[in-house]
There are 2 protein chains.
Amino acid sequence: MTLEPDQAPVDSITLFVALLCSCIVIGHLLEKNRWFNESITALAIGFCTGIIILFTTEGKRSHILVFNEELFFIYLLPPIIFNAGFQVKKKQFFRNFMMIILFGAVGTLISFVIISVGTVQLFKKLNIGFLDIGDYLALGAIFSATDSVCTLQVLNQDETPLLYSIVFGEGVVNDATSIVLFNAIQKFDLSHITSSIFMEFIGSFLYFFITSTLLGVGVGLISAYIIKKLYIGRHSTDREVALMILMAYLSYMMAELFNLSSILTVFFCGIVMSHYTWHNVTEGSRVTTKHAFATLSFISEIFIFLYVGMDALDIEKWKVVSKSPGTSAGVSSILLALVLVERAASVFPLSFLSNLIKRSQSDKFTLKQQVIIWWAGLMRGSVSVALAYSQFTRSGQTQLRGNAIMITSTITVVLFSTVVFGLMTKPLIRLLLPSKHLSSPVSSESFDSFPSKPVTDLPLIANGQTADSEMGGDSIPRPTSLRMLLTTPAHTVHYYWRKFDDSVMRPVFGGRGFAPYVPGSPTEPLLH
Amino acid sequence: MTLEPDQAPVDSITLFVALLCSCIVIGHLLEKNRWFNESITALAIGFCTGIIILFTTEGKRSHILVFNEELFFIYLLPPIIFNAGFQVKKKQFFRNFMMIILFGAVGTLISFVIISVGTVQLFKKLNIGFLDIGDYLALGAIFSATDSVCTLQVLNQDETPLLYSIVFGEGVVNDATSIVLFNAIQKFDLSHITSSIFMEFIGSFLYFFITSTLLGVGVGLISAYIIKKLYIGRHSTDREVALMILMAYLSYMMAELFNLSSILTVFFCGIVMSHYTWHNVTEGSRVTTKHAFATLSFISEIFIFLYVGMDALDIEKWKVVSKSPGTSAGVSSILLALVLVERAASVFPLSFLSNLIKRSQSDKFTLKQQVIIWWAGLMRGSVSVALAYSQFTRSGQTQLRGNAIMITSTITVVLFSTVVFGLMTKPLIRLLLPSKHLSSPVSSESFDSFPSKPVTDLPLIANGQTADSEMGGDSIPRPTSLRMLLTTPAHTVHYYWRKFDDSVMRPVFGGRGFAPYVPGSPTEPLLH
């Protein structure tokens, strides 16, 4: 079967799929290496392929698929963020909720202000084309978006649960915050900022946050309810899995449709689905969804890094820039320096602040941990690239001097931070947290977040006897938590939430211990 | 995050995903109904949505996504066919291999000739626009493609293994044959058919078949080898699953790239992957791939039927046709009648022929079975629609009278055969095979092809003690097979294949009993 020649991206897709395969294999081979990770491998392979394509097409182009904002936001980002919500350890996430909001929202706003003000001040001396105030604010939003994906490949959820949940949760809230900021900048008329416009800005920001979260929670609960009500006694694994995938995607697309933050929506949909829906399906569906979502997310991540590696060689943009290499290098250096500064300016003061609030000495961040949090937010990735394309390629004007410099600088910052900072992350963590890292040889399972979860999580022992760290895992607070209850208000909230969850939510929506169990259902044979 | 308004199919995608969800839920609710199946539900929902869209857009359009040959052949068809190969019972398939080729290839050629000659003869009396000889031959290929997808929802692999494997295998070979025929027709200059062109045609046909099969087998074996060699001792479920999905897709795209029959390629890739690769991965990957592939296939099928239901109301084509409703009805009736006749003309003589060859009485087809095989090939589906679009919308000329009539007639035949013949299939099978169907209440699992397979298929008991029907399940032929060995040559081939498989193939590529087993690997906890 051949396609019409005019619509034949067949060779591109074939090459891209082959490259994805080789990334996985090479990434696996390099896994034991202390410097490399999957992102850097994909970037390197993409870069090398770009060089080859550049030579074979005689310098005409370096990438095989044209970058498409739609491709990124409609197909590649949803599985990554959904899987993040689906696999996150909910207890840790909610226990550190205030801290995550502090770092993710307040920290991002600090970064945004520092980068915007910094670029306005520092770019004056360089001879760049015209940039208006909206462009500077957009730069602030673009470079506030950290690349949580890359970091997660290095930090381990089981070894450093506190750091992981902070860095990870922060990354998600950070993504959402910077994208909401970016949209607000593109929408509002920023030439005359008055206090009423500023209040409106804050108001729409909060509105985005709350409605997006509620939409995600709502769709997740509906999926749990449907599967619980309909499938009693006659489970069909494929239908369940299909329904979970489609409902998750539906939440994302509905958020897009209503102009909400689809990242927040699908993230909370993932959390709700793993807390309720996941417990209502068959054993086969549980294993399948767990791994299928992780796999989709994994493929999307590699896809993005591979693309960025190829795009780094896009000849058209470099042609414009090559006339003034000094300016471009200057812009990139300024941006990298600002990233280093803004991250420090948000992490260290906020850590100090959060240490002041905390009473227990063990909960406070040590300087080493603060350095790791600082470092983990230095990398810039796919979200930055996507936003930069959105801001600086409007009406296809990458040949415009200012726009071309901004895009090549963004790619330079992304490449440099991912490769240089990324390469140094593993050694740095080994240096700062030596004992924990050396004692555990399971780091090869870092992609496989729940390696033995579906096995230990059999229905018979599922009602609270397993000591894992999911929210609401046990319905009665343990003796030790009584003391903690008095010390921190977060635990009180958690306690009442548990009571509410056990008495109202789980009887309606299912969940651990409340999943419909029917003799003869396909879950039974696993009990032996 | 909002997209640019000019590239916003967000509302369409949202609506489509919501419709897919409702198809799954409604399909599940109607499952116990003896008349309905998932295809008909999807068609009906698509049709109703089409009516609503027609009213809301004031008669301008009825579908929300423009039909795209690329979408169908690049994204929707591969998962369906790959999953078919992956889930097929290999022993049955290879035991009936000659019969499948007979029905699938020879039967399709008979159908092709009858429909081409029939349309040339019968369309003369109707006042249709100009159709050249290529169009008539294309019609032959278009209406030779049976819709195996729809049939499989009705026949059950466990209840009627022989019929299932024949109908199913025939369906795959039939798809491949008709698509190869169709391509050959579009490529060759058919105005002057000489014997040398005819021989060339036959030659390229065989070349397609053999190279496509070899490519699929090759890619499957490479995937098995890579996973066996690389992953010993440190399995990573997500990487394995990602690699299997990507390699399967790669085989399909490579076949597209080399102008081979990608359907055959990906089908054999599926068979090889389930025979070798699947046994080399972790328990989690096995469950995941089994269900994930089935789910992807399931979603693609519903997607196609939903689309066809919507497209049935495309107003532009009906406008052209509505000027001569009699002609259009005549064309559709002639095509339906030809479908009924050609299927009878290929099934009954070929069954008679195959009964002549068979020595064992129990292997021969009874008349009832022949009727079921005949009936199972009456439905026309997505492949016919895709081919018809490809032939009759070249340079976008659906407004041309002849082309418009052909497309609306194709849709009419697909709708009529799927709905009317489809609705009658369940009752018909109940009538013809009453005992078997009533004795098994597991028909709700028909989508869930391997419901308890991953459970019984633990590594410890995997080397031949389970009595399932996969090829090469046991390495020593049972006493009874010695007698069978003497009676039919197919069994001799099977015997030598087994010897070869055990001594050469499986030690190299893994497979049941030869999968690398390492203590402490993630498969271990399942053994308790």
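Computed from a predicted structure; not experimentally measured.

For the rest of this paragraph, the subject is the overall build of chain A. Of regular secondary structure, chain A possesses 21 helices and 0 strands. With 528 residues in all, chain A has 61% of them scored as buried. Sequence separation of at least 24 residues holds for 83% of the intrachain contacts in chain A that already meet a minimum separation of 6. A total accessible area of about 20,500 Å² is found for chain A, and carbon and sulfur atoms account for 69% of it.

Turning next to the packing of helix α5 (residues 97–123) of chain B against helix α14 (residues 325–357) of chain B. The packing of two helices is summarised by the inter-axis angle and the distance between the axes. All names here are of chain B. Contact pair α5 / α14: the axes reach a minimum separation of 8 Å and the direction vectors enclose 145°. Where α5 crosses over α14, the two elements pack in a sense that is right-handed. In terms of residue class, the contact of α5 with α14 is made up of 16 nonpolar, 7 polar and 1 charged.

All right, on to a nonpolar patch on the surface then. Taken together, the side chains of A:F198, A:M199, A:I202, A:L206, A:I210 and A:L214 make up a nonpolar region of the molecular surface, amounting to roughly 620 Å² of accessible area. Take A:L214: it is sitting in helix α9 (residues 195–230).

Quick look at the environment of A:Y307 now. Residue and element names in this part refer to chain A. Inspection of the secondary structure assignment puts Y307 in helix α12 (residues 283–311). A relative accessible area of 5% places Y307 in the buried class. As a C-alpha pair, Y307 and Y225 span 82 residues in sequence and 39 Å in three-dimensional space.

Turning our attention to the environment of A:F500. In this structure, A:F500 sits in helix α21 (residues 489–509). Separated by 273 residues in sequence, A:F500 and A:I227 have C-alpha atoms that sit 21 Å apart.

What follows deals with the packing of α5(B) against helix α8 (residues 161–187) of chain B. Residue and element names in this part refer to chain B. One can describe the packing of α5 onto α8 by two numbers: an axis separation of 8 Å at closest approach and a directional angle of 45°. Here α5 lies oblique to α8, going by the angle between them. Handedness of the α5/α8 crossing: right-handed. Within the contact between the two elements, α5 uses M99, I100, I101, F103, G104, A105, T108, L109 and F112 and α8 uses S165, I166, G169, E170, V173, N174, T177, S178, L181 and I185. Here the contact of α5 with α8 is built from residues that sort into 11 nonpolar, 7 polar and 1 charged.

Here we take up the packing of aromatic side chains. Residue and element names in this part refer to chain B. Following the criterion strictly, the structure yields 28 aromatic pairs over all chains and no others. Relative to F303, the ring of F16 has its centre 4.5 Å away and its plane inclined at 35°; by these criteria the two rings are tilted. In this pair, F16 is assigned in helix α1 (residues 10–29) and F303 in helix α12 (residues 283–311), connecting sequence segments 287 residues apart. When sorted by exposure, F16 lands in the same class as F303, which is buried. Residues W497 and F500 carry aromatic rings whose centres are separated by 6.0 Å and whose planes lie at 45° to one another, so their mutual orientation is tilted. One end of the pair is W497 and the other is F500, both in helix α21 (residues 489–509) and 3 residues apart, which spans about a single turn.

On to helix α16 (residues 382–392) of chain A. Taking burial as the measure, the 11 residues of α16(A) include 11 buried ones, the bulk of the element. Burial in α16(A) covers these residues: A:S382, A:V383, A:S384, A:V385, A:A386, A:L387, A:A388, A:Y389, A:S390, A:Q391 and A:F392.

Close inspection of predicted coordinates is inappropriate for parts of the model with low pLDDT. Residues and elements named next belong to chain A. For chain A, the average pLDDT comes to 75, and 74% of its residues sit at 70 or higher. Per-element averaging of pLDDT across chain A places helix α19 (residues 453–456) at the bottom with 33 and helix α10 (residues 237–257) at the top with 91. Per-residue pLDDT stays below 50 along residues 518–528; that stretch engages in 22 contacts with residues further than four places along the chain or on separate chains. What the predictor reports for the complex is a pTM of 0.78 with an ipTM of 0.77.

Quick notes on the rules
Residues numbered from 1 in each chain as written. Chains lettered and ligands numbered in written order. Predicted model: local features only at pLDDT ≥ 70, side-chain atom pairs only at ≥ 80, totals over all residues. Heavy atoms only, no water. Helix = DSSP H or I, 4+ residues; strand = E, 2+ residues; numbered from the N terminus. Buried < 20%, exposed > 50% of the residue type's maximum accessible area, 1.4 Å probe, protein only. Contact = heavy atoms within 4.5 Å. Areas by Shrake-Rupley, 256 points an atom, 1.4 Å probe, with all protein chains shown as cover. Axes fitted to C-alpha atoms, helices over the stretch in contact; angles between N-to-C directions. Left-handed = near helix turned anticlockwise from the far one by under 90°. Nonpolar A, V, L, I, M, F, W, Y, C, P; charged D, E, K, R; others polar. Patch = residues over 30% accessible without salt bridge, like charges linked within 9 Å, V, L, I, M, F, W, Y side chains within 5 Å. Salt bridge = Lys/Arg side-chain N within 4 Å of Asp/Glu carboxyl O. Parallel < 35°, antiparallel > 145°, perpendicular 65-115°, else oblique. Phe/Tyr/Trp six-rings, centres within 6.5 Å; stacked < 30°, edge-to-face > 60°. pLDDT = per-residue confidence, 0-100.

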